[in-house]
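Observations on the model geometry
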Amino acid sequence: MKGVLLTNHVLSGALIGALARRPAPAFAAGVASHFALDAVPHWGDWGSIRRFLQVAVPDGLISLGAMGTIAALAPAERRPAVLAGMIGAALPDVDKPSKLWFGFTPWPRAVDKFHQRIQPEASGRAHIELLAAACFGAAALAALRRPPARCAGPR
Ligand SMILES: [Zn+2]
């Protein structure tokens, strides 16, 4: 069981959605961001499934809460892109709950192998992961608050 905290995938997906503004590119960039983030050194190496679940369960609940909060805060016209970015960024990790509850992953073997192999992880990196969450969250909210770009400036 490996991976960056789901919360960080969701928050970076929100930032992408806020910047991309259109759902399809936001979704595609969200998926790409998942693998890019997983390839960065991160927290992990749980040792036991129990330890993993002690982090993964609250992380899953927090990321769902973050998704709902950000979707609610996003201006209506930007909500579809923000949701698409968050869903795209979270989607590759569907294999984790699926494996735990149903015993299989929904992805092709090659994807699972790639997903496992790219991850450099170590214990004792919780602070990096929390700092990243704060940065992604703040950047996403800042991007959402910025008014949409206008074609013509004031004369
Ligand atoms: Zn992952």
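Heads up: the structure comes first, above all this text.
Residues numbered from 1 in each chain as written. Predicted model: local features only at pLDDT ≥ 70, side-chain atom pairs only at ≥ 80, totals over all residues. Heavy atoms only, no water.

1. Overview of unusual backbone geometry
The phi torsion at Arg21 lies on the positive side, around 70°, for a residue other than glycine. By secondary structure assignment, the location of Arg21 is in the loop between α1 (6-20) and α2 (23-38). Judged by relative accessible area, Arg21 falls into the partly exposed class, the value being 31%. (Helix = DSSP H or I, 4+ residues; strand = E, 2+ residues; numbered from the N terminus. Buried < 20%, exposed > 50% of the residue type's maximum accessible area, 1.4 Å probe, protein only.)

2. Quick notes on the nonpolar core
Ranked by internal contacts, the top residues of the largest apolar core, which has 16 residues, are Val10, Ala14, Ile70, Val82, Met86 and Leu144. At the level of secondary structure, the elements contributing two or more residues to this core comprise α1, α3 (49-73), α4 (79-90) and α7 (126-145). Considering every element that reaches this core, the biggest residue donor is α1, with five residues. Each residue touching Val10, except ones within four places of it in the same chain, is listed here: Ser63, Ala66, Met67, Met86 and Ala90. (Core = buried A, V, L, I, M, F, W, Y, C linked by side-chain atoms within 4.5 Å. Contact = heavy atoms within 4.5 Å.)

3. Details of the packing of α2 against α4
Two numbers describe how α2 lies on α4: the axes approach to 7 Å, and their chain directions differ by 25°. Classified by the interaxial angle, the pair formed by α2 and α4 is roughly parallel. By crossing handedness, the relation of α2 to α4 is classed as right-handed. Residue-level inspection shows Pro23, Ala26, Phe27, Gly30, Val31, Ser33 and His34 of α2 in contact with α4, the latter providing Pro80, Ala81, Ala84, Gly85, Ile87, Gly88 and Ala89. Grouping the constituent residues of the contact of α2 with α4 by class yields nine nonpolar, five polar and no charged. (Axes fitted to C-alpha atoms, helices over the stretch in contact; angles between N-to-C directions. Parallel < 35°, antiparallel > 145°, perpendicular 65-115°, else oblique. Left-handed = near helix turned anticlockwise from the far one by under 90°. Nonpolar A, V, L, I, M, F, W, Y, C, P; charged D, E, K, R; others polar.)

4. Some remarks on a nonpolar patch on the surface
On the surface, Phe27, Leu83, Ile87, Leu91 and Val94 cluster together into a nonpolar patch covering about 340 Å² of accessible area. Structurally, the position occupied by Val94 is in the loop between α4 and α5 (95-102). (Patch = residues over 30% accessible without salt bridge, like charges linked within 9 Å, V, L, I, M, F, W, Y side chains within 5 Å. Areas by Shrake-Rupley, 256 points an atom, 1.4 Å probe, with all protein chains shown as cover. Salt bridge = Lys/Arg side-chain N within 4 Å of Asp/Glu carboxyl O.)

5. With respect to the coordination of the zinc ion
Around the zinc ion, the protein supplies His34 (NE2), Asp38 (OD), Asp93 (OD) and His115 (NE2) as donor atoms, at distances of 2.0 to 2.6 Å. Every donor counted, the four donor atoms about the zinc ion form angles of 87 to 176° at the centre, which fits irregular coordination. Between consecutive donors of the zinc ion, the numbers of intervening residues give the motif H-x3-D-x54-D-x21-H. Pair noted here: His34 is in helix α2 and Asp93 is in the loop between α4 and α5, with a separation of 59 residues, a long-range link. (Donors = N, O, S within 2.8 Å, 3.2 Å for Na, K, Ca; no water. Tetrahedral: all angles 85-135°; square planar, octahedral: opposite > 155°, others 65-115°.)

6. What to know about the packing of aromatic side chains
Within the structure shown, the criterion is met by two aromatic pairs. Here the aromatic rings of Phe35 and Phe114 are separated by 5.6 Å at their centres, their planes lie at 50°, and the arrangement is tilted. Separated by 79 residues along the polypeptide, Phe35 in helix α2 and Phe114 in helix α6 (residues 109-117) bring together distant segments of the chain. Taking relative accessible area as the criterion, Phe114 reaches 43% and is therefore assigned partly exposed. Relative to Phe104, the ring of Phe102 lies with its centre 6.3 Å away and its plane at 35°, an arrangement referred to as tilted. For Phe104, a relative accessible area of 48% gives the class partly exposed. (Phe/Tyr/Trp six-rings, centres within 6.5 Å; stacked < 30°, edge-to-face > 60°.)

7. Side note on α4
For α4, spanning twelve residues, the distance from its first C-alpha to its last is 16 Å, which sits close to the expected 16 Å at 1.5 Å a residue. Along α4, the residues classified as buried are Ala81, Val82, Ala84, Gly85, Met86, Gly88, Ala89 and Ala90. Close packing links the buried residues of α4 with α1, α2, α3 and α7. (Expected span 1.5 Å × (residues − 1).)

8. Concerning the layout of surface pockets
Computed from the structure, the largest pocket encloses a volume of approximately 680 Å³. Along its surface, the largest pocket is lined by 28 residues, and Leu6, Ala56, Gly60, Lys96 and Pro97 are the ones closest to its centre. Of all the secondary structure elements, the ones that give two or more residues to the lining of the largest pocket are α1, α3, α4 and α5. Considering every element that reaches the lining of the largest pocket, the biggest residue donor is α3, with eleven residues. Counted by class, the lining of the largest pocket contains 21 nonpolar, three polar and four charged residues. The volume enclosed by the second largest pocket comes to roughly 150 Å³. Taken together, Leu5, Thr7, Trp43, Val55, Pro58, Asp59, Ile62, Ala126, Glu129, Leu130 and Ala133 make up the lining of the second largest pocket. At the level of secondary structure, the elements contributing two or more residues to the lining of the second largest pocket comprise α3 and α7. For the lining of the second largest pocket, a count of residues per class yields eight nonpolar, one polar and two charged. (1 Å grid on protein atoms, 1.4 Å probe; cavity = no way out; pocket = protein on both sides within 12 Å on 5 of 7 lines; lining within 4 Å. Points joined across faces, edges and corners; volume = space filled by probe spheres on them.)

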